[in-house]
Amino acid sequence: MSELRVHPIDKFAVELKVPGDKSISHRSVMFAAISNGTCEIDGFLPSEDCLATVGALKQLGVEIKSLNESSTKLIVKGNRRQFVQPSEPIDCGNSGTTMRLMCGLLAGCNFEVELVGDESLSKRPMDRIAKPLLEMGVSVRGQGKNCTAPLIVRGSSRVKNVDYESPVASAQIKSAVMLAALAAEGKSTITEPFLSRDHTERMLNYLLVKNVRQGRTISIWGGQQAESRDIIVPGDLSSAAFWVVAAAARPGSTLLVNEVGLNPTRVGVLNALIRMGARINERVDESNCEPMGTVEVTGSKLKGIEIGGEEIPKMIDEIPILAVAAALAEGTTTIRDAHELRVKESDRISAVAENLRRMGVSVQEFADGMEIQGVGPHGLKAAEIESHGDHRIAMSFAVAGLYASGETIIHGTECIATSYPGFEEELNQLLKRK
Ligand code: S3P
């Protein structure tokens, strides 16, 4: 198992770029694959998760080539969804997005495909997509009551349209249903309790696949053909969030992040930090299909806040690093309505609580969140941290280590490669500064 050793650092001034957005990278290759021609993708995230999606599409007969050594520029030959049956199971690795969106993408394929994943992915609930897809005539068979992987997906040549009301605000459910709905006839709708990230809606519109949002409901019409267009993937705000917190709670530090995604359905982490007293400026350029721009942070003192309700889906992946920010703040932070954290790459509520306690922070766990007693920027104790095989836990606590009293060791850091190749190099740059 690999580990990271982190020691406390002084204030810093850094300008950086983060690798491509994970959610948008998955969608870029999937949607290019169903288009009617050749698409060039620039800014693709060559992480294990996104490469699992590339591998899956290649197994389905889609031609994808790298245009550079780092695989951040790809060329995809869309085949109008004329997929071929793979001879081997498709390995989705650690990636929930690959597995769930792939089920929607396979809706129109009248053959069986087996989808498998690693130990963590094989524990995650797939009934949330199996249920609406079954209503559409698409069978997703899995294990046990939560329909976990391995999955056998069997699409249909007559996919039915649906009006689906999802019990959870999840972009993965929404996207799987929308992709299946494209293979159906007529109009389908999907309603979610709160708005989740809208990358699928935006990118499909950009590829001239009409879909409309009214309130919490998306309507999409079947039978539309995605047009091939080149796609730019912005930097991942979820990755930038680690450096934002590394600077935000440290008076005297400055950070500038360039070319990062600033989609309003993803900026919950920045809004929460601003409420905590962080000094953050955003400059947004809306001309791309996804808003992107710069984030400038000036370190300051943070205070505890209450987080919950409809803002949760807009920061769902950043709650572990926000919890670290809460520990660095003065006062109490309460996070509620975040049950979904229990079924991510790890149980993130218990993983965050356990590791914060190791660093001397008092945390009360709830079924849907936690209450954190901030210890201020100088109050964290160095500790041995367990990643639980979860990339966001590993990176969040590496940042906590930058504020701790001595050497913090994070165990099990290979998982970082699922979303942020280059994290360790960026961290080492900070650790090397005098
Ligand atoms: C994602 C949606 C979110 C997020 C995940 C990526 C996506 O999951 O946590 O990291 O790309 O659609 P849910 O849809 O399960 O909320």
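Since the model is a prediction, treat every value here as computed from it, not as a measurement.

1. Looking at the overall build of the chain
- Looking only at helices and strands, the chain has twelve helices and 23 strands in total.
- Here the chain has a C-alpha radius of gyration of 21 Å; the compact-globule value for 434 residues is 22 Å, and the two agree.
- Each principal axis of the C-alpha distribution contributes one length, and for the chain these read about 60 × 45 × 45 Å.
- Put simply, of all contacts in the chain between residues at least 6 apart along the chain, 76% involve residues at least 24 apart.
- For the chain, the exposed surface amounts to about 16,200 Å²; the carbon and sulfur share of it is 47%.
- The positive charge centre, built from 48 side chains, and the negative charge centre, built from 55, are 3 Å apart in the chain.

2. Some remarks on the site of the ligand
- Around the ligand sit Lys22, Ser23, Arg27, Thr97, Ser170, Ala171, Gln172, Arg197, Ile316, Asp317 and Lys344, and that is every residue in its neighbourhood.
- One of the side-chain N or O atoms of Ser170 is found 2.8 Å from an oxygen atom in the ligand.
- When isolated, the ligand has an accessible area of 380 Å², and the protein chains bury 95% of it.
- When contributions to the shell around the ligand are tallied by element, the ones reaching two or more residues are helix H1 (22–33) and helix H5 (171–182).
- Of all the elements, H1 adds the most residues to the shell around the ligand, at three residues.
- Of the residues assigned to the shell around the ligand, the class counts are two nonpolar, four polar and five charged.
- Residue-level mapping places the shell around the ligand at the junction of two domains, with at least three residues from each of domain 1 (3–20 + 235–431) and domain 2 (22–220).

3. Quick look at the pairing of strand S8 (residues 139–143)
- Sheet topology places S8 next to strand S9 (residues 148–154); four bridges connect them, and they run antiparallel. Bridge pairing in S9 links Gln143 to Thr148.
- Between S8 and S9, which pair antiparallel and follow one another directly, the connecting turn spans four residues, one of which, Gly144, has a positive phi of 65°.

4. Examining the pattern of salt bridges
- Tallied over the entire structure, the rule returns 26 salt bridges.
- The partner of Glu259 in a salt bridge is Lys17, with the nearest N and O atoms 3.4 Å apart. Here Glu259 is found in strand S15 (residues 254–261), whereas its partner Lys17 is found in strand S2 (residues 13–17), with 242 residues between them in sequence.
- For Glu345, the salt bridge goes to Arg124, with nearest N and O atoms at 3.9 Å. Taken together, the residues Glu345 in the loop between strand S19 (332–335) and helix H10 (348–358) and Arg124 in the loop between strand S7 (112–116) and helix H4 (127–135) connect sequence positions 221 residues apart.
- We classify Glu345 as buried; its relative accessible area is 11%.

5. Describing the sheet that holds strand S21 (residues 369–373)
- Strand order in this open sheet of four strands is S18-S19-S21-S20, and the pairing throughout is mixed. With one partner strand each, in any of the chains shown, strand S18 (306–307) and strand S20 (362–366) form the two edges of the open sheet.
- Strand contacts of H10: S20 and S21, with the helix running at about 165° to S20, the strand carrying the most contacts.

6. Section: the packing of aromatic side chains
- For the coordinates displayed, the defined rule picks out four aromatic pairs.
- Note on Trp243 and Tyr420: the rings are 6.4 Å apart at their centroids and 80° apart in plane angle, and the pair reads as edge-to-face. Highlighted residues: Trp243 in helix H7 (residues 237–248) and Tyr420 in the loop between strand S23 (408–411) and helix H12 (423–432), separated in sequence by 177 residues. Taken as a pair, Trp243 and Tyr420 share a single burial class, namely buried.
- Centre to centre, the rings of Tyr420 and Phe423 are 5.5 Å apart; their planes meet at 70°, and the pair counts as edge-to-face.

7. Re the domain arrangement of the chain
- Domain annotation of the chain identifies domain 1 (3–20 + 235–431) and domain 2 (22–220).
- Taking the mean C-alpha position of each, domain 1 and domain 2 sit 28 Å from one another.
- Each partner contributes to the interface: domain 1 provides 26 residues, whereas domain 2 provides 26 residues.
- Together, Cys289, Glu345 and Thr418 form the three largest contributors to the area buried by domain 1 at its contact with domain 2, with a combined 24%.
- At the junction of domain 1 with domain 2, the criterion picks out three salt bridges.
- Of the residues assigned to the side of domain 1 that touches domain 2, the class counts are nine nonpolar, seven polar and ten charged.

Rules used in this analysis
- Residues numbered from 1 in each chain as written.
- Predicted model: local features only at pLDDT ≥ 70, side-chain atom pairs only at ≥ 80, totals over all residues.
- Heavy atoms only, no water.
- Helix = DSSP H or I, 4+ residues; strand = E, 2+ residues; numbered from the N terminus.
- Rg over C-alpha atoms; globule rule 2.2 N^0.38 Å.
- Contact = heavy atoms within 4.5 Å.
- Areas by Shrake-Rupley, 256 points an atom, 1.4 Å probe, with all protein chains shown as cover.
- Lys, Arg positive; Asp, Glu negative; His and termini not counted.
- Charge placed at Lys NZ, Arg CZ, Asp CG, Glu CD.
- Near = heavy atom within 4 Å.
- Polar contact = N/O pair within 3.5 Å; in protein donor to acceptor, adjacent residues only side chain to side chain.
- Nonpolar A, V, L, I, M, F, W, Y, C, P; charged D, E, K, R; others polar.
- Domains from an automatic or database assignment.
- Pairing = 2+ DSSP bridges.
- Salt bridge = Lys/Arg side-chain N within 4 Å of Asp/Glu carboxyl O.
- Buried < 20%, exposed > 50% of the residue type's maximum accessible area, 1.4 Å probe, protein only.
- Axes fitted to C-alpha atoms, helices over the stretch in contact; angles between N-to-C directions.
- Phe/Tyr/Trp six-rings, centres within 6.5 Å; stacked < 30°, edge-to-face > 60°.
- Buried area = accessible area lost by both parts, 1.4 Å probe.

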